[in-house]
Amino acid sequence: MMEKLKYLNKELQGKTIQDALAFVLENFEGKKVFSTSFGIEDQLLTHYVAPHFEKLSVFTLDTGRQFNETYEVFHKTQKKYPELHIETFFPEEKDIMEYVAANGINGFYDSIEKRKSCCYMRKVKPLQRAIKGAGLWITGLRAEQSQNRESMEFLEWDEANQLVKYNPLLHYSLKQVEEEINEYKVPVNSLYKKGFLSIGCAPCTRALAEGEDFRAGRWWWENGKKECGLHIHQDKNH
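Residues numbered from 1 in each chain as written. Predicted model: local features only at pLDDT ≥ 70, side-chain atom pairs only at ≥ 80, totals over all residues. Heavy atoms only, no water.

Draft legend 1. Region of interest: the packing of aromatic side chains. With the rule as written, the count across this model stands at seven aromatic pairs. Relative to tryptophan 221, the ring of tyrosine 109 has its centre 4.7 Å away and its plane inclined at 70°; by these criteria the two rings are edge-to-face. Of this pair, tyrosine 109 sits in the loop between α5 (93-103) and α6 (112-130) while tryptophan 221 sits in the segment after α7 (174-184), and the two are 112 residues apart along the sequence. Judged by relative accessible area, which is 26%, tryptophan 221 ranks as partly exposed. Grouped by ring-pair contacts, the aromatic residues Phe108, Tyr109, Trp220 and Trp221 constitute a single cluster. The ring of phenylalanine 23 has lysine 15 lying over it, and the distance from NZ or CZ to the ring centre is 5.1 Å. (Phe/Tyr/Trp six-rings, centres within 6.5 Å; stacked < 30°, edge-to-face > 60°. Helix = DSSP H or I, 4+ residues; strand = E, 2+ residues; numbered from the N terminus. Buried < 20%, exposed > 50% of the residue type's maximum accessible area, 1.4 Å probe, protein only. Lys NZ or Arg CZ within 6 Å of the ring centre and 35° of its normal.)

Here you go:
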C-alpha cells in the first residue's frame, strides 16, 4: 500500500482538483466516503465531489451541540446539490446520558480529559461508524491550518482507522478557498464572516481576534495542541 500511495502522490502533483479527484476515485476500489462539517473547506469540496455522487457516500457528524447556523448551511447545501445524499451520524444516547450524569451538561470546561472524553463520545465514536468498511476517506484538511498538519501528503495511510485518507485541498491557501467559493456561489456558514474560521460545537467555539491562529477559537480555554481526535496526523520526521 505504501508504494502505491507513493506512486499516486507523485501522479497527483500538478493536477487540477477536478482531475485529481477523478484520478483518485478511479484508483481505489470499495467504499469511498467524504466527511463534511460544513466548514468553508468542506463546502468547496462538496462542490467538487457532487459530480461523483454515484462513486462515494457523503456524511456529517451531528454532535447535538451544533450552532443553528450550521444547520442552516446544511439545508442550503442540500438544496444546491440535491443529487448528494448527506447521511447524518449522531452520538449514542446512552453515552450522552452517562456523560452528563457523571460530569454535568457542560463538564467539558472542567478539564482537558473531560473535554476529550466529550469529543470522543460525540465525534470519534460516530465517525468510526460512518467510515466502517471504507477504504478511502476524503477530507477538507489544509496544510496551513495547524502545525501538526504541515507534513501531510495528498494521500496518506491512516493507521488508526485502517484506511487511506485523501486531502484534495492540502496545498490550498484560505484565499484560494474563498475565491473559488465565491466563483461557484457555494453556501457558506454565516458565522464565517463573523470571525469563526473553524466552526465546531457551539459551547467550544468562539470568533477569532485579529492575528490569532486559525484554531485559536476552538477550546480557547485550553493550552497546547488542540485536536478532537478525528484527524491525528503523525509527523514522519518525529
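Draft legend 2. Broad picture of the environment of cysteine 119. Its place among the elements puts cysteine 119 in helix α6. The buried category is assigned to cysteine 119, whose relative accessible area is 8%. For the pair cysteine 119 and cysteine 201, spaced 82 residues apart in sequence, the C-alpha to C-alpha distance is 9.6 Å.

Draft legend 3. Local environment of the sheet that holds strand β3 (residues 86-89). A sheet is described by the order of its strands in space; here six strands give the open sequence β3-β2-β1-β4-β6-β5, paired in mixed fashion. Two strands in the sheet have a free side with no partner beyond their single neighbour: β3 and β5 (155-158). Within the sheet, the average angular offset between the axes of one strand and its neighbour, ignoring direction, is 30°. As paired strands, β5 and strand β6 (residues 163-166) are joined by four bridges and run antiparallel to one another. (Pairing = 2+ DSSP bridges. Axes fitted to C-alpha atoms, helices over the stretch in contact; angles between N-to-C directions.)

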